[in-house]
Amino acid sequence: MPLIFTQRADNWLRRGMAGAFVSVVLGITGLYYYAPPEYTRVGYAPKQPVAYSHELHAGRLGLSCLYCHTGVEESSVAKIPPTQTCMNCHQAIKADSPQLEAIRVSWAGGGPVRWERVHQTPDYVYFNHAVHVRRGVGCVSCHGKVNEMPVVVHEKPLSMGWCLECHRHPEEHLRPPDQSTNFEWQPPQGQNQRDYGLTLKDQFGIRAPETCTGCHR
Amino acid sequence: MRWVFLGLAMLTALVIREMGTRGTVSDRRPLMVFSDMDFQPRYNPQAAGPFFADGRAMRTPPAGTVPFGGTDYECDAGSPRQNPDLLREDDAYYRGKKGTTWVTVNPLRVDMKLLQRGQERYGIFCAPCHGATGKGNGVITQYGLTGVAGITDALHALMPDGQFFDVISNGKGRMMPYGPQIKVRDRWAIIAYVRALSRSQNAGITDVPESIRGELKP
C-alpha cells in the first residue's frame, strides 16, 4: 500500500494536534482564571471625584458606618450619603480645602457628587442590605476592612459561588446583629466562630436561601 | 515541534503580562465578559438617568408632601383601617410642639429598651461632636471645631424635650439638621438617653445608694 501522506505532512499533523491540544488547555485555564469576578472585579479601586478616605473617617475618627450609610438597616440599599452629610462637618472643618471642591459645588446647587460605584451586583440580583445586617452579617464580610482603606478596593468577588459559600454555611460569618458594623469583632473568648455562629443561627432562625428565587426573581 | 511550544509559551507570557494576576489593584472599570442583563433598562436607587434634566433618576419630594412607599397597606384606598401617622399630623411627636409651646415630656414610653436604643444612636450620630459624655468634646473638636454645646450642662437641663427634638431635626447654629439622618423615633430615644446621660454626669454623692458609698474611691 502506498503512503498517502508524506513524512513531512505527518510531522505537521502531529505538531498541529499537539499545538491545538495545548492551546485548548491553556485557553480553558485562561478563561477559568480571567473570566470570573475574582479577576474582573477584585481589586477595582476607582478614582472618586473627592478623595474620601474611609481609613480616616471610619478608622481613625471612629465614625460608625451608619452615620453616613443610614439606609443599611431598613432598606435594600445602604445609601450613598447626600452632600448634606458631608457638610455636617465640612462647613466648618477644612471648609476651604481644594480636595472638597466637588462637595462645595454640589452643596451650592451643582447637583449630586458623581461618586463612582465600586461594589455592584448585576441587575438580576436582588440583594438586600437590611436582611443581612440585621441578622448579623457584618459589613466586613462582604466589603473587607473598609476602615483601613484610604481608597476603597473591591476586595471580595461578589460572585454567585462566593455568595453561596456563605448561604450554605452562614455560621462561619455570623455575629450578634448589634456588632454588624464593628470591624474588629471577634467571637467571645474560648468560643470558635463556627460554634458561636451555630448558636446565633439557631437563636435568630437563620435559613439563608439556597434556591434560585432567594436572590433572583 | 519546539517552535510550536515556544510560540505558545510566549503567547502565555504575553497574556499574563497584559492581564496581570487576580486581585491587582487598579482603577480600570471591571471587564464585562458576559454583560447580558447585568444592566437592565430600569432606574436603580441613586443611579443616574437621562430622563430628567439634572441627570438623576430619583426625585426630590415636592414641598408639603409626605413620602409614601406604596407598602403602607393601611393607607390604601378602601382599607378598613386608617394609618393615623400617614400625614404626620401629630405635632407633638413629629415636631416636638403643642401649638407654640415645646413638648416637655417624651411622647414615647421611656424604658430600658428605648434608652439602649438612644445610647446606640447617640454614639453613632451625636458623639462625634458632643462626645460620649455629652461634654461637647467629641473627636471632631481635635480637628478644630469649636463651640460644640455641652449638652449635659445646667442650661440644657432646662431645655424642654420638644426643643431638643427641634434642634436635632432642624439644627441650630453650626449644627446641621439631623432630621434626614435620624428617624423620628430614634430622635426621641436619643433625647431620653441624653436625659439619663445628663443625670449621670451631674450626679452627687447623694445619688449613690448608701449601702455602696463606701466602695467609692475619690
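Residues numbered from 1 in each chain as written. Chains lettered and ligands numbered in written order. Predicted model: local features only at pLDDT ≥ 70, side-chain atom pairs only at ≥ 80, totals over all residues. Heavy atoms only, no water.

**Student:** Just checking my understanding: could you explain the overall build of chain A for this structure?
**Tutor:** What chain A contains, in helices and strands, is 11 helices and zero strands. From first element to last, N terminus to C terminus, chain A shows the α and β order α-α-α-α-α-α-α-α-α-α-α. Taking 17 Å as the expected radius of gyration for a compact globule of 217 residues, we find that chain A reaches 25 Å, considerably beyond that expectation. Per-residue burial for chain A yields a buried fraction of 37% across its 217 residues. Taking as baseline every contact in chain A between residues at least 6 positions apart, the subset at least 24 positions apart corresponds to 66%. (Helix = DSSP H or I, 4+ residues; strand = E, 2+ residues; numbered from the N terminus. Rg over C-alpha atoms; globule rule 2.2 N^0.38 Å. Buried < 20%, exposed > 50% of the residue type's maximum accessible area, 1.4 Å probe, protein only. Contact = heavy atoms within 4.5 Å.)

**Student:** Got a minute to help me understand the overall build of chain B in this structure?
**Tutor:** What chain B contains, in helices and strands, is six helices and two strands. If you list the helices and strands of chain B from N to C, you get α-α-β-β-α-α-α-α. Radius of gyration (C-alpha) of chain B: 28 Å, far over the 17 Å computed for a compact globule of 218 residues. Within chain B, the fraction of its 218 residues that count as buried is 30%. Nonlocal contacts in chain B, meaning residues at least 24 apart in sequence, comprise 41% of its contacts between residues at least 6 apart. Surface summary for chain B: the accessible area is close to 15,000 Å², and the carbon and sulfur share equals 59%. Of the charged side chains in chain B, 27 are positive and 21 negative; the average position of the first set lies 6 Å away from that of the second. (Areas by Shrake-Rupley, 256 points an atom, 1.4 Å probe, with all protein chains shown as cover. Lys, Arg positive; Asp, Glu negative; His and termini not counted. Charge placed at Lys NZ, Arg CZ, Asp CG, Glu CD.)

**Student:** It is not clear to me how the nonpolar core should be interpreted in this structure. Could you clarify?
**Tutor:** One recurring pattern in soluble globular proteins: nonpolar side chains tend to sit buried together. Counting residues in each nonpolar core, the largest one holds 32 residues, and the members touching the most others are Y122, F125, W188 and I190 of chain B. Counting only elements with at least two residues in this core, the list comes to α4 (65-68) of chain A together with α2 (91-95), α3 (112-130), α5 (161-170) and α6 (184-201) of chain B. Those residues in contact with I190 of chain B, other than ones at most four positions away along the chain, are G118, R121, Y122, C126, I168 and I182 of chain B. Grouped together as the second largest cluster of nonpolar side chains are 11 residues, Y44, A45, V118 and M149 of chain A included. (Core = buried A, V, L, I, M, F, W, Y, C linked by side-chain atoms within 4.5 Å.)

**Student:** Sorry if this is basic, but what is going on with the interface of chain B and chain A here?
**Tutor:** Many analyses report the size of an interface as the accessible area lost when the parts associate. Of the residues lining the interface, 48 residues belong to chain B; the matching set on chain A comes to 52 residues. The three residues of chain B that bury the most area against chain A are R22, M176 and Q181 of chain B, which together make up 15% of that side's buried surface. A salt bridge links D123 of chain A to R42 of chain B; the shortest N-O distance between them is 3.6 Å. Our count for the contact surface shared by chain B and chain A stands at 21 residue pairs in polar contact (both at pLDDT 80 or more). Listing elements by their share of the side of chain B that touches chain A, those giving two or more residues are α1 (2-19) and α3 of chain B. Considering every element that reaches the side of chain B that touches chain A, the biggest residue donor is α1 of chain B, with seven residues. By residue class, the composition of the side of chain B that touches chain A is 25 nonpolar, 11 polar and 12 charged. (Buried area = accessible area lost by both parts, 1.4 Å probe. Salt bridge = Lys/Arg side-chain N within 4 Å of Asp/Glu carboxyl O. Polar contact = N/O pair within 3.5 Å; in protein donor to acceptor, adjacent residues only side chain to side chain. Nonpolar A, V, L, I, M, F, W, Y, C, P; charged D, E, K, R; others polar.)

**Student:** Help me understand the packing of aromatic side chains, please; the structure alone is not making it clear to me.
**Tutor:** On inspection of all chains with the given rule, the structure shows nine aromatic pairs over all chains. Relative to Y94 of chain B, the ring of Y93 of chain B has its centre 5.0 Å away and its plane inclined at 80°; by these criteria the two rings are edge-to-face. An aromatic cluster is defined as three or more aromatic residues linked by ring pairs; in this entry it consists of Y33, Y34 and Y39 of chain A. It is R22 of chain B that lies over the ring of Y33 of chain A; its NZ or CZ is 4.9 Å from the centre. The side chain of R59 of chain B reaches across the aromatic face of F52 of chain B, ending 3.7 Å from its centre. (Phe/Tyr/Trp six-rings, centres within 6.5 Å; stacked < 30°, edge-to-face > 60°. Lys NZ or Arg CZ within 6 Å of the ring centre and 35° of its normal.)

**Student:** I would appreciate a short explanation of the environment of P122 of chain A in the present structure.
**Tutor:** Mapping P122 of chain A onto the fold places it in the loop between α6 (101-110) and α7 (129-134). Placed 74 residues apart in sequence, P122 of chain A and Q48 of chain A show a C-alpha to C-alpha distance of 21 Å.

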